[in-house]
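Coordinates in review
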Amino acid sequence: MTTWFRTYYEDEDLWLYFEADDEGWAARHVEVRGKDSRPVTAASLEEVLHLRDHADFAAMGRYERQYGVLAEAVLDGWQDQPQAGEISAEEFELLWVEARRILGASG
């Protein structure tokens, strides 16, 4: 079952939003700076896998510079993080669309 949730990293003043698959891996990942609410990451597992299978390292580098790096570990224990909580699919989708719009324009 897909889940959507957020956590907050106080040391970096960074909100992390995840869409996690049945096994707890990030399918999509958005990071937003707290001080100015600017997205810094909006990465997708589907896109990363496509680039891995059909492009070169330069293309992957361009993707990561534009959209950031997707979380690469099982997302266990997120419930214990500060200000963690589930969010709706709709809330995640709104964040995703806005982050992609902003980061896409910057690339």
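Since the model is a prediction, treat every value here as computed from it, not as a measurement.

What follows is about helix α2 (residues 57–67). Taken together, the buried positions of α2 are occupied by A59, M60, G61, Y63 and Y67. At the exit of α2 stands G68, carrying a positive phi of roughly 85 degrees.

Another point: the nonpolar core. In summary, soluble globular proteins display a tendency toward joint burial of nonpolar side chains. Counting residues in hydrophobic clusters, the biggest one holds 28 residues, and the most contacted among them are Y17, F18, V30 and L75. The set of elements that each furnish at least two residues to this core consists of β1 (3–9), β2 (14–20), β3 (26–33), β4 (39–44), α1 (45–54), α2 and α3 (89–106). Residue contributions to this core peak at six residues, all from β2. Contacts of Y17, omitting those with residues within four sequence positions, involve F5, R6, R28, H29, V30, V32, I87, F92 and L95.

If you trace the backbone, A20 turns up in strand β2. Separated by 63 residues in sequence, A20 and Q83 have C-alpha atoms that sit 18 Å apart. What A20 contacts, discounting residues up to four positions off in sequence, is M1, T2, T3, F5, W25, A26, A27 and L75.

Scoring rules and cut-offs
Residues numbered from 1 in each chain as written. Predicted model: local features only at pLDDT ≥ 70, side-chain atom pairs only at ≥ 80, totals over all residues. Heavy atoms only, no water. Buried < 20%, exposed > 50% of the residue type's maximum accessible area, 1.4 Å probe, protein only. Helix = DSSP H or I, 4+ residues; strand = E, 2+ residues; numbered from the N terminus. Core = buried A, V, L, I, M, F, W, Y, C linked by side-chain atoms within 4.5 Å. Contact = heavy atoms within 4.5 Å.

Any functional reading would require information beyond the geometric quantities listed.
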